[in-house]
Amino acid sequence: MEFRFTGLVAATFTPLSPDGSLNLNAIGPMVDQLIERGVSAMYVCGSTGEGPSLTTEERKATAAEFVRASDARLPVVVQVGHSSLADARDLAAHAQQIGAAAISAVAPYYFKPDSVEVLAGCLAEITADAQDLPFYYYHIPAFTGVGLNLFELLRVAETKIPTLVGIKYTAPTLFELQSLLEFEGGRFDIVHGVDEMLLAGLVTGAKAAIGSTYNFASPLYLRLIEAFQKNDITEARRWQSQATEMIRSILSIAGVPSLKAAMNLSGVECGPTRLPLAPPCPEKLKQIEATLEEYGLVPCVK
C-alpha cells in the first residue's frame with residue numbers, strides 16, 4: 001500500500017467536558033487550528049488522546065468526528081490497539097467504514113505477546129476486517145512493556161499482514177530507528193515519535209514525526225525543520241534545545257496532564273484529562289501558562 005507520513009503529525013488530544021464526558025463539538029475548532037498550525041496529519045486516540053481510558057464506543061465517536069471535521073483536509077490515522085483483540089478488530093473495521101486514511105495499533109498491553117510470531121498474529125487479527133487501510137504498528141515499549149525485535153517482526157508480519165506499511169517508533173534508541181529506516185532499502189515508513197529528539201530523528205533519515213507537543217508548539221518545530229532543510233544545523237539545534245527545555249519544564253509541573261492543559265492555554269479548548277490522569281490544579285495551570293509565555297508560544301499560536 002502506498003501511504004507515507006510527512007512533516008509534523010499531531011497526536012491529537014480527545015476533548016472532554018468538565019464532567020469527563022466526550023465533548024465532540026470541540027473537535028471541529030481543534031482541527032481548524034491544527035491546520036492553521038501547519039501539521040500534516042492527525043493521529044487519533046493514541047496515548048495523547050487517552051485512547052486506553054476511553055470506551056470502545058467513545059473511541060468510535062471520537063474517530064468519526066475527527067474524520068468528519070477534517071473533511072479530507074488532513075489525513076486521519078486512528079489508533080485502534082486494545083487489550084481485547086476483538087475490540088481492536090472492531091475499532092479497525094469502524095475506522096475503515098468512516099473513511100480514515102490509515103490505522104495503527106499498540107501491542108496488547110495486559111497479557112503481553114511473548115514472541116514476534118504471537119505479536120504478528122495479534123496484529124493480523126486486528127487488521128483482518130480493515131484490509132483497505134494501511135497499517136502502522138505502534139511501538140511504545142515504555143507504556144506497553146512489549147519490546148520485541150522489530151526487524152524480525154517486519155519479516156514475519158509482512159507475510160501475515162498485507163496492509164503493514166510501517167511503524168510509529170516511540171523510543172529513544174536512535175541506532176534502531178536508523179536501521180529500521182534503512183531496512184530493505186527503506187521499504188517501510190518508520191515515523192519518529194519522540195518530540196524531544198525530532199532533530200536527531202531527522203538526521204537519522206526520518207521524514208515525519210508524530211507527537212503531542214506538535215499540537216501547540218508547532219512554530220518551534222517548523223523553524224527547526226526549516227533550518228535542518230537549509231543545512232543550518234546550529235540553528236536547528238537551537239530550536240530543538242528550546243523545544244526540549246519547554247517540554248521538560250511543562251512536564252515537571254504536572255506530568256502528562258500538563259500537555260493537555262498547555263493545549264487549552266494555547267487557545268484550543270479540549271478540557272481536562274480523565275482519571276487516572278489528574279488535571280493540574282489552578283496554581284499549576286498558572287505555571288504552565290508562564291512556561292508557554294516564556295517560550296513565546298502563547299502569542300505564536302493564538
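As the structure is a computational prediction, the values presented were derived from the model and not from experiment. (Residues numbered from 1 in each chain as written. Predicted model: local features only at pLDDT ≥ 70, side-chain atom pairs only at ≥ 80, totals over all residues. Heavy atoms only, no water.)

A. Structural view of the packing of helix α4 (residues 116-127) against helix α6 (residues 150-160). At a minimum axis separation of 9 Å, α4 and α6 run at an interaxial angle of 40°. In terms of their interaxial angle, α4 and α6 are classed as oblique. Once α4 is placed against α6, the crossing between them reads as right-handed. The segment α4 lies against α6, with Val 116, Glu 117, Leu 119, Ala 120, Leu 123 and Ala 124 engaging Glu 152, Leu 153, Val 156, Ala 157 and Lys 160. Across the contact of α4 with α6, the residue classes tally to eight nonpolar, no polar and three charged. (Axes fitted to C-alpha atoms, helices over the stretch in contact; angles between N-to-C directions. Helix = DSSP H or I, 4+ residues; strand = E, 2+ residues; numbered from the N terminus. Parallel < 35°, antiparallel > 145°, perpendicular 65-115°, else oblique. Left-handed = near helix turned anticlockwise from the far one by under 90°. Contact = heavy atoms within 4.5 Å. Nonpolar A, V, L, I, M, F, W, Y, C, P; charged D, E, K, R; others polar.)

B. Broad picture of the packing of aromatic side chains. According to the stated counting rule, one finds eight aromatic pairs in the structure shown. Linked through ring pairs, Phe 3, Phe 5 and Tyr 136 together constitute an aromatic cluster. In this arrangement the basic side chain of Lys 168 is found over the ring face of Tyr 43, its NZ or CZ atom lying 5.2 Å from the centre. The ring of Trp 239 is capped by Arg 238, whose NZ or CZ atom sits 4.6 Å from the centre of that ring. (Phe/Tyr/Trp six-rings, centres within 6.5 Å; stacked < 30°, edge-to-face > 60°. Lys NZ or Arg CZ within 6 Å of the ring centre and 35° of its normal.)

Structural measurements only, silent on function.
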